[in-house]
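Here is how the chains run, residue by residue.
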Amino acid sequence: MTSPSPWQHHRKAGVADDIDFEIKGQELQFVEIELDPGESAVAEAGALVWKDGAVGMTTVFGDGSGGSDGGFMGKLLGAGKRLITGESLFTTVFTHHGQGKARVAFASPTPGAILPLRLADYGGTIICQKDSFLAAAKGVSIGVHFQRRIMTGLFGGEGFIMQRLDGDGWVFVQMGGTVVERELAAGEELHVDTGCLAAYTPSVDFDLVTAGGVKSVFFGGEGLFFARLTGPGKVWIQSLPFSRLAGRMLAAAGSRGGQNRGEGSVLGGLGDLIGGND
């Protein structure tokens, strides 16, 4: 019998927009959200695992944050932001139309962890990798964060564009492998593999630092740069970004389905001969 997930939450008295949830599973997780009558959750298209019959679903244009005051142009802008972060133009809103409690569950499409974040606890904003949004309490806005530095955008792992999640409710983000949270003090510096940077608060300064000398760059297999994160603020690190997992699978298969042990260094071709991948 597996141990219960540490990620579960029960609503607090007096918090009207609070939702109950529990994240289940270990490596292949899903989040189960409990809704009261009239409550809604918003999810990425295709994330649904199951729902109670009293929960209705509606596909909406944009992020489903409820910003109807902006009219068509506001919805079009919201959808455009999702499109340039690599997401679908549409999201799905799940609303409890019945009595009592009802549940709906969403799953991450890749192995890893689902991390619950209450945006009000982090100043109302989280910046994360561009494909990390999974689901949220209705009202959370999914926007765009542009890297201000050219070098950071070119070599920062996530490119110029990342996701910006704004609001005060719960949001559920998907991250690869195991997730670690670090609290950085003012001026404290942390170096992270660019692909392993999953999310951070806006108060953290994101820049790049070279990985080391010539030998480290060419033969270390770690790339040219590390992400340099300077506090104050919080940083979330993922141990296995999906791009790395996919790269290892392709490398192991090789061009003809054989095993490849070259990893990421420039010795990969020579490694094919030495390791018997001929």
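All values derive from a computational prediction rather than experimental measurement. (Residues numbered from 1 in each chain as written. Predicted model: local features only at pLDDT ≥ 70, side-chain atom pairs only at ≥ 80, totals over all residues. Heavy atoms only, no water.)

(A) Geometry of the overall build of the protein. Counting its secondary structure elements, the protein contains five helices and 20 strands. Sequence-distant contacts in the protein: of pairs separated by 6 or more residues, those separated by 24 or more amount to 74%. With the model as given, the accessible surface of the protein reaches about 14,000 Å², and the carbon-plus-sulfur share is 58%. (Helix = DSSP H or I, 4+ residues; strand = E, 2+ residues; numbered from the N terminus. Contact = heavy atoms within 4.5 Å. Areas by Shrake-Rupley, 256 points an atom, 1.4 Å probe, with all protein chains shown as cover.)

(B) Quick peek at unusual backbone geometry. In this model, Gly231 is joined to Pro232 through a cis peptide bond whose omega is 20°. Its place among the elements puts Pro232 in the loop between β19 (225–230) and β20 (233–238).

(C) Spotlight on the environment of Thr91. Considering the arrangement of structural elements, one finds Thr91 in strand β7 (residues 90–96). Linking Thr91 and Ala135, residues 44 residues apart in sequence, is a C-alpha distance of 9.4 Å.

(D) Quick peek at the sheet that holds strand β18 (residues 205–210). Across the sheet, which stays open at both edges, the three strands sit in the order β16-β19-β18 with antiparallel pairing between neighbours. Among the strands making up the open sheet, the edge pair consists of β16 (189–193) and β18. With strand direction ignored, the average angle separating the axes of adjacent strands in the sheet is 35°. Summarising the sheet, β16 and β19 pair through five bridges and their orientation is antiparallel. Its bridge partner lying in β19, Leu190 is registered against Leu229. (Pairing = 2+ DSSP bridges. Axes fitted to C-alpha atoms, helices over the stretch in contact; angles between N-to-C directions.)

(E) Structural view of the sheet that holds strand β12 (residues 141–146). In spatial order, the strands read β12-β13-β10-β17-β20-β15; together these six strands make up an open sheet with antiparallel pairing. A single partner strand is all that each edge strand has here, and the edge strands are β12 and β15 (179–184). Put simply, the sheet's adjacent strands are angled 25° from each other on average, direction ignored. One ladder, built from six bridges, connects β12 with strand β13 (residues 161–166); its direction is antiparallel. Of the residues in β13, the one forming a bridge with Ser141 is Asp166.

(F) Structural view of the packing of aromatic side chains. Tallied over the full model, the rule gives five aromatic pairs. Pairing Phe21 with Phe172 gives two aromatic rings, centres 5.0 Å apart and planes at 80°, and the pair type is edge-to-face. Residue Phe21 is located in strand β2 (residues 20–24), and its partner Phe172 is located in strand β14 (residues 170–176); the two are separated by 151 residues in the primary sequence. Each member of the pair Phe21 and Phe172 is classed as buried. Taken together, a centroid distance of 5.7 Å and an interplanar angle of 70° make the contact between Tyr200 and Phe206 edge-to-face. (Phe/Tyr/Trp six-rings, centres within 6.5 Å; stacked < 30°, edge-to-face > 60°. Buried < 20%, exposed > 50% of the residue type's maximum accessible area, 1.4 Å probe, protein only.)

(G) The pattern of salt bridges, seen in detail. A complete count under the given rule lists 11 salt bridges for this structure. The salt bridge partner of Lys101 is Glu34, with a shortest N-O separation of 3.8 Å. Taken together, the residues Lys101 in the loop between β7 and β8 (102–107) and Glu34 in strand β3 (residues 30–35) connect sequence positions 67 residues apart. Through salt bridges with shared partners, one network takes in Lys24, Glu32, Glu34, Asp36, Lys101 and Arg103. (Salt bridge = Lys/Arg side-chain N within 4 Å of Asp/Glu carboxyl O.)

(H) How the structure looks around the pairing of strand β9 (residues 112–118). With six of seven residues buried, β9 lies mostly within the body of the structure. As paired elements, β9 and β14 share seven bridges and run antiparallel to each other. By the bridge assignment, Ala113 is partnered in β14 with Met175.

(I) Representation of the nonpolar core within the structure. Residues Phe21, Val31, Ile33, Phe106, Leu134 and Phe172 are the most contacted members of the largest nonpolar core, which totals 20 residues. Leu115, Leu119, Ala136 and Val140 belong to the second largest nonpolar core, which has 17 residues in total. (Core = buried A, V, L, I, M, F, W, Y, C linked by side-chain atoms within 4.5 Å.)

(J) View of the confidence of the model for the protein. Chain-level pLDDT for the protein is 75 on average; 64% of the residues reach the 70-or-more range. In the predicted structure, residues 13–17 sits below a pLDDT of 50 and forms four contacts with residues beyond four places in sequence or in another chain. Note on residues 149–157: pLDDT under 50 across the span, and 24 contacts to partners over four residues away in sequence or across chains. (pLDDT = per-residue confidence, 0-100.)

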